[in-house]
Amino acid sequence: MVEIGINTDTAAQILLNGGLVAIPTETVYGLAANALNEKAVLSVFEAKQRPFFDPLIIHVFSIEKAMEYAEFNDERLEKLAKTYWPGPLTLLLTKKKNIPGIVTSGLERVAVRVPDHSLTLDLLKKVDVPLAAPSANPFGYVSPTEPKHVQKQLGDKIHYILDGGNCKVGLESTIVGIEDGCVCVYRLGGLPIEELEKTLGEVKLLINNSSDPKAPGQLKNHYAPQKKIVIGTIAGLLKLNDPAKTAIICYGSEDFKAPGATVFNLSPNSDLKEAALNLFRFLRLADESEHEMIICELLPDKGLGRAINDRLKRAAVT
Ligand code: TXA
Ligand code: MG
């Protein structure tokens with residue numbers, strides 16, 4: 001079984017030798033490889049069984065480092081980097097030639113972020129190369145927020161898991177770029193739109209629901225558990241289904257009776273931050289439960305609630 005530890009020297013050595021290491025970030029765990037080593041990057045796609053048309057995010061430890069591999073070409077993106085890095089924000093920047101085409105699936109932009117996790121920042125400084133890291137889950141499944149999630153699903157395919165504890169945001173980064181002169185959000189995530197708008201004014205949502213390779217990351221049936229998952233009001237869904245057959249994912253006050261069900265309340269006190277932290281863990285637990293199906297309700301569509309709802313809707317697509 002793959003070793004789990006906190007040794008950044010070991011992790012750095014493995015990465016510089018072309019190996020794969022799961023790394024902690026504030027959002028979710030990443031499956032990292034040296035972005036400058038094409039063979040290593042190739043093995044990331046293989047380990048995840050991820051299609052090559054779906055590009056990877058590179059992780060660096062500072063804005064200056066990002067500039068070695070990409071050009072901002074726009075003051076607004078630079079402002080966002082200065083305001084939110086390290087943090088749950090990925091920027092689509094113009095790729096420089098030193099980033100291999102396999103990382104970006106041939107696209108001209110490269111996705112870059114500075115993660116907010118001290119162990120991984122330490123590791124990035126040690127390796128001093130960008131790390132290409134998608135979320136450390138098999139393609140299409142729920143992202144991992146704890147080391148054991150990675151161990152369970154990818155343990156036989158990777159060489160080390162850097163244990164940084166549980167992720168403190170729990171949702172993937174928000175992805176932002178410029179298109180036709182507008183600041184566009186391509187994926188809702190750990191940095192709420194309201195935050196971006198405070199800094200830049202109105203932004204455009206380009207949240208796609210397609211399997212179009214040009215709109216990567218927004219594949220419709222992403223973040224999906226194996227079990228059937230249905231969205232609605234919990235009370236309504238319980239009328240249609242035998243409660244004992246259901247795992248329930250809810251939020252806030254519980255105004256339903258569900259004998260025999262297992263209830264996962266994302267946040268009994270209606271705290272969106274807490275709900276984000278619990279979302280992927282609960283989806284996994286519900287998926288592993290003895291119940292036949294998962295029923296869930298949407299959260300208030302604001303702040304982190306928007307990204308959470310986005311993930312729930314994608315999880316529910318069959
Ligand atoms: O929080 C996160 O972003 C985590 C942690 C590990 O950093 N990473 C993550 O990676 O969620 P991944 O690969 O699971 O999702 C990244 C998304 C993908 O859906 C991909 O399509 C999109 O970002 N993406 C990457 N590079 C892109 C590019 N050059 N243009 C457009 N979209 C891109
Ligand atoms: Mg992912």
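Residue positions are given per chain, counted from 1 along the sequence in the order it is written. In the order they appear in the text, chains get letters beginning with A and ligands get numbers beginning with 1. Whole-chain, interface and lining totals are the exception, using all residues; otherwise, since this is a predicted model, local features are given only for residues with pLDDT of at least 70 and side-chain atom pairs are given and counted only at 80 or more. The basis for every side-chain value is the complete set of heavy atoms in the structure, and neither hydrogens nor water enter the calculation.

Undergrad: Before we go on, may I ask you to explain the overall build of the protein chain in this structure?
TA: Put simply, DSSP H or I for four residues or longer makes a helix, DSSP E for two residues or longer makes a strand, and each gets a number counted from the N terminus. Per the secondary structure count, the protein chain includes eleven helices and 16 strands. Our radius of gyration looks at C-alpha atoms and nothing else; its globule reference is 2.2 Å times the residue count to the power 0.38. Its C-alpha radius of gyration of 19 Å places the protein chain within 12% of the 20 Å reference for a compact globule of 318 residues. With respect to the principal axes defined by its C-alpha atoms, the protein chain has extents near 60 × 50 × 35 Å. The contact definition used throughout considers only heavy atoms, calling two residues in contact when any of these lie within 4.5 Å. Summarising the internal contacts of the protein chain: among those between residues at least 6 apart in sequence, 64% fall at separations of at least 24. In these tables, accessible area is a Shrake-Rupley quantity obtained with a 1.4 Å probe, and a residue counts as shielded only by the protein chains included in the view. Accessible surface, the protein chain as shown: approximately 13400 Å² in total, 50% of it carbon and sulfur. The averaged location of the 39 negative side-chain charges in the protein chain is 2 Å from the averaged location of its 36 positive side-chain charges. Charge assignment: positive for Lys and Arg, negative for Asp and Glu; neither His nor the chain ends contribute. Positions of charges follow a simple convention, taking NZ of Lys, CZ of Arg, CG of Asp or CD of Glu.

Undergrad: Just checking my understanding: could you explain the packing of aromatic side chains for this structure?
TA: One pair of aromatic rings is described through two measures. These are the centre distance and the angle between the planes. Centre distance within 6.5 Å is the pairing criterion for rings of Phe, Tyr and Trp, where only the six-membered ring of Trp is used; planes under 30 degrees apart are then read as stacked, over 60 as edge-to-face, and the remainder as tilted. The final tally for this structure, using the stated rule, is three aromatic pairs. Centroid distance Phe 45 to Phe 52: 5.0 Å. Interplanar angle 45 degrees. Geometry classified as tilted. Under the scheme applied here, a residue whose accessible area is under 20% of the maximum for its type counts as buried, over 50% as exposed, and between as partly exposed, the area being computed with a 1.4 Å probe on protein chains only. Using a relative accessible area of 1% as the deciding quantity, one classes Phe 45 as buried. Relative to Phe 282, the ring of Phe 264 lies with its centre 5.4 Å away and its plane at 45 degrees, an arrangement referred to as tilted. With a gap of 18 residues between them, Phe 264 in strand β15 (residues 262-265) and Phe 282 in helix α10 (residues 272-288) connect regions that are remote in the sequence. Assigned by exposure class, Phe 264 and Phe 282 land together as buried.

Undergrad: Help me out: how do you make sense of the domain arrangement of the protein chain in this one?
TA: The parts lose accessible area when they come together, and the size of an interface is often stated as this lost area. A domain assignment, automatic or from a database, supplies the domain bounds used here. Domain boundaries in the protein chain define domain 1 (4-205) and domain 2 (228-316). Look at where the C-alpha atoms of domain 1 and domain 2 centre, and you get two points 28 Å apart. Residue-level contacts link 25 residues of domain 1 with 17 residues of domain 2. Two parts placed together each lose some accessible area under a 1.4 Å probe, and adding up what both lose gives the buried area. Interface area, domain 1 with domain 2, both sides summed: about 1700 Å², of which 57% is carbon and sulfur. On the domain 1 side of the interface with domain 2, the three residues burying the most area are Val 142, Leu 171 and Leu 188, jointly 32% of the side's total.

Undergrad: Where do I start with the state of the cysteines in this structure?
TA: One covalent bond between the sulfur atoms of two cysteine residues makes up a disulfide. We call a pair of cysteine sulfur atoms a disulfide when they lie within 2.5 Å. Following the criterion strictly, the structure yields zero disulfides and no others. Free of any disulfide, Cys 184 has its nearest neighbouring cysteine sulfur in Cys 182, separated by 5.7 Å. Residue class for Cys 184 comes out buried when judged on its relative accessible area of 0%. With no disulfide of its own, Cys 296 has Cys 250 as its nearest cysteine by sulfur position, at a separation of 10.0 Å.

Undergrad: Could you clarify how one ought to interpret the sheet that holds strand β13 (residues 228-231) in this entry?
TA: What links the strands of a sheet is backbone hydrogen bonding, and the strands pair in either a parallel or an antiparallel sense. The strand order β13-β16-β14-β15 describes an open sheet built from four strands, whose pairing is parallel. The sheet is open, and its two edges are formed by β13 and β15, each paired on a single side. Neighbour-to-neighbour, the strand axes of the sheet open up by a mean angle of 20 degrees, direction not taken into account. With four bridges joining them, β13 and strand β16 (residues 293-296) adopt parallel strand pairing. Bridge pairing in β16 places Ile 231 opposite Cys 296. Relative to β15, α10 is tilted by about 170 degrees, and along the sheet it contacts β13, β14 (246-250), β15 and β16. Whether two strands pair depends on DSSP finding at least two bridges between them. For every element, the axis is a line fit to its C-alpha atoms; helices are fit only across the contacting stretch, and the angle between N-to-C directions ranges from 0 to 180 degrees.

Undergrad: I tried to follow the pairing of strand β3 (residues 30-34) on my own but got confused; where do I start?
TA: Residues in a regular strand project their side chains so that they alternate between the two faces of the sheet. Counting buried positions over the five residues of β3 gives five, a clear majority of the element. Because side chains alternate across β3, one face comprises the buried residues Gly 30, Ala 32 and Asn 34, and the other comprises Leu 31 and Ala 33, equally buried. As paired strands, strand β2 (residues 21-23) and β3 are joined by three bridges and run antiparallel to one another. Bridge assignment links Ile 23 to a residue of β3, and that residue is Gly 30.

Undergrad: Whenever I open this one, the packing of helix α4 (residues 75-84) against helix α8 (residues 193-200) confuses me. Can you help?
TA: For any two helices packed against each other, the geometry comes down to the angle between their axes and how far apart the axes lie. Direction vectors running N to C along α4 and α8 enclose 120 degrees, while the axes themselves pass 10 Å from each other. Looking at the two axes, α4 sits oblique to α8. The hand of the α4/α8 crossing is right-handed. Along the contact surface, α4 presents Arg 76, Lys 79, Leu 80, Thr 83 and Tyr 84, while α8 presents Glu 195, Leu 196, Thr 199 and Leu 200. The nonpolar class holds Ala, Val, Leu, Ile, Met, Phe, Trp, Tyr, Cys and Pro. Asp, Glu, Lys and Arg form the charged class, and all remaining residues, Gly among them, are polar. By residue class, the composition of the contact of α4 with α8 is four nonpolar, two polar and three charged. These descriptions rest on fixed angle ranges, namely under 35 degrees for roughly parallel, over 145 for roughly antiparallel, 65 to 115 for roughly perpendicular, and the rest for oblique. Each crossing is labelled by how the near helix is turned from the far one, with a counterclockwise turn of less than a right angle marking it left-handed and a clockwise turn marking it right-handed.

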